[in-house]
Amino acid sequence: MSVNPSEPPSDKDVGEPTLDSSGLPEHASADEMRESASRERREKLKMFLTNWQGVIGLVLVVMFFASAIFAPFFATHDPNALDIPARLSYPTLDHFAGTDQLGRDTYSRILYGGRVALKVAAIGVSISLVVGLILGMIAGYGPRWLDNFLLLMFDTVRAFPTIVLALATVALTGPSLAIVLTIVIVTSIPQYARVARTATMTLRNTDFIMAERSLGASTGRILMHHIMPNVVGPLLILAAMDVPVVVTVEAGLSFIGLGVLPPTASWGTILNEGYLVIRDTPWMVVAGGIPLILTTLGFTFLGEALRDVFDPRMGKGR
């Protein structure tokens, strides 16, 4: 059948442009790809800013970091300075949250206790995430026997409750901040490793990984350059939601005398000391509990908002 050259080609003759997985034509220019990535970032930022829980969580998290990092500037007194005549004082203009049984300023001790919580959370979560990511990718991409061995190790560690493991460890070494960090790291690694393992097993047989194997890419290159960028996102969201858990563990261990030792300020020790004098003044318990509540709410709201932004399907399912 002849085609009249004067007539414009129909849709059947031309055909539709082939689109890639991002919705762009296969031969899209670099400018179009950058514009698409920029548009996607703007949409995610807009989605986050319209989530009131995420905004509140971000504000609370920023307040937590700022108060902990700049505690010496916000504190009104030396957290360990004694003022016996002013002991068990109610909140005043000089002592915003009152004083403890030794006359130390509770407000200043709360600020410095936040530094301990931030240190434990930052170091503990960071190391747990990195180690869990590496072990999870090895388990998900390695041979079956290695996967079974690592899963057995993960299940063994998770079988011990954190407090029971802390009691056994402290009985041998004595309480200290280093022990708290070690317990937090050891008990947190399996959950990151399991998430990384599941994601790695999902990706290992995808087309782009199979193509890399056929091109002779090494296992290390595949794990570092192709699998890890796709796995680390969910782990970061998990880490944001795990921070309040770590902070609570530190406070709980310090509350029962297995964590930070006096006179170092910690939210757990403040609650413990306040519990002993709660009949005389309730302000220490109230002041020590408020930062724990706000920190937990902040990181929980932020983590859920980030999950909704990066995985909208989970947000719609709730």
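Residues numbered from 1 in each chain as written. Predicted model: local features only at pLDDT ≥ 70, side-chain atom pairs only at ≥ 80, totals over all residues. Heavy atoms only, no water.

**Q** Even after reading the chapter, I still don't get the nonpolar core, so can you show me in this structure?
**A** Burial of nonpolar side chains together is a common tendency in soluble globular proteins. Counting 49 residues, the largest nonpolar core has Val120, Ile227, Val231, Leu235, Val247 and Trp267 as its most contacted members. Every element with two or more residues in this core is listed here: helix H3 (52–69), helix H5 (106–141), helix H7 (162–173), helix H8 (177–203), helix H10 (219–255), helix H11 (267–276) and helix H12 (283–310). Excluding its chain neighbours within four sequence positions, the residues that come into contact with Trp267 are Phe64, Ile110, Gly113, Gly114, Ala117, Val247, Pro291, Leu292 and Thr295. Ranked by size, the runner-up nonpolar core spans six residues in total, among them Ala139, Leu146, Leu151 and Phe154. (Core = buried A, V, L, I, M, F, W, Y, C linked by side-chain atoms within 4.5 Å. Buried < 20%, exposed > 50% of the residue type's maximum accessible area, 1.4 Å probe, protein only. Helix = DSSP H or I, 4+ residues; strand = E, 2+ residues; numbered from the N terminus. Contact = heavy atoms within 4.5 Å.)

**Q** How should a nonpolar patch on the surface be read in this particular structure?
**A** A cluster of nonpolar side chains, namely Tyr90, Trp283, Val286, Ile290, Ile293, Leu294 and Leu297, defines an oily patch on the protein surface of about 620 Å² accessible area. By the element assignment, Leu297 lies in helix H12. (Patch = residues over 30% accessible without salt bridge, like charges linked within 9 Å, V, L, I, M, F, W, Y side chains within 5 Å. Areas by Shrake-Rupley, 256 points an atom, 1.4 Å probe, with all protein chains shown as cover. Salt bridge = Lys/Arg side-chain N within 4 Å of Asp/Glu carboxyl O.)

**Q** Help me understand the packing of aromatic side chains, please; the structure alone is not making it clear to me.
**A** Geometry of an aromatic ring pair is reported as the spacing of the ring centres plus the angle between the planes. Taken as a whole, this structure holds nine aromatic pairs when the rule is applied. An angle of 75° between the planes, with centres 6.2 Å apart, marks the rings of Tyr90 and Trp283 as edge-to-face. With Tyr90 in the loop between helix H4 (71–74) and H5 and Trp283 in helix H12, the pair connects residues that are 193 residues apart, well separated along the chain. Among the residues examined, Tyr90 registers a relative accessible area of 46% and is labelled partly exposed. Of the residues examined, Trp283 reaches a relative accessible area of 34% and is grouped as partly exposed. A network of ring pairs unites the aromatic residues Phe64, Phe65, Trp267 and Phe299 as a single cluster. (Phe/Tyr/Trp six-rings, centres within 6.5 Å; stacked < 30°, edge-to-face > 60°.)

**Q** What is the right way to look at the confidence of the model for the protein in this model?
**A** Regions with low pLDDT should not have their predicted coordinates read in detail. For the protein, per-residue confidence averages 80 on the pLDDT scale, and residues scoring 70 or more make up 86% of the total. When the criterion is pLDDT under 50, residues 314–318 qualifies, and its contacts beyond four places in sequence or with other chains add up to six contacts. (pLDDT = per-residue confidence, 0-100.)

**Q** I tried to follow the pattern of salt bridges on my own but got confused; where do I start?
**A** When their charged atoms lie close together, side chains carrying opposite charge are able to pair. One pass over the full model with this rule turns up four salt bridges. Across the pair Asp100 and Arg104 runs a salt bridge whose closest N-O atoms are separated by 2.7 Å. For the pair Asp100 and Arg104, one class covers both residues: buried. One salt-bridge network, in which partners are shared between bridges, spans Asp100, Arg104 and Glu273.

**Q** I would appreciate a short explanation of the environment of Met47 in the present structure.
**A** By the element assignment, Met47 lies in helix H2 (residues 30–49). Overall, the relative accessible area of 37% leaves Met47 in the partly exposed class. Apart from residues lying up to four places away in sequence, Met47 is in contact with Asp308 and Val309.

**Q** Could you clarify how one ought to interpret the environment of Asn230 in this entry?
**A** Inspection of the secondary structure assignment puts Asn230 in helix H10. Sequence spacing of Asn230 and Leu203 is 27 residues, and the spatial spacing of their C-alpha atoms is 8.5 Å. With residues near it in sequence (within four places) discarded, Asn230 still touches Leu203 and Phe208.

**Q** Any chance you could explain the packing of H10 against H11 here in plain terms?
**A** Across the interface, H10 lies against H11 with an axial gap of 7 Å and an inter-helix angle of 45°. Overall, the two elements H10 and H11 adopt an arrangement that is oblique. Note on packing geometry: the crossing formed by H10 with H11 is right-handed. In contact with Val247, Ala251, Ser254 and Phe255 of H10, H11 contributes Trp267, Gly268, Thr269, Leu271, Asn272 and Tyr275. (Axes fitted to C-alpha atoms, helices over the stretch in contact; angles between N-to-C directions. Parallel < 35°, antiparallel > 145°, perpendicular 65-115°, else oblique. Left-handed = near helix turned anticlockwise from the far one by under 90°.)

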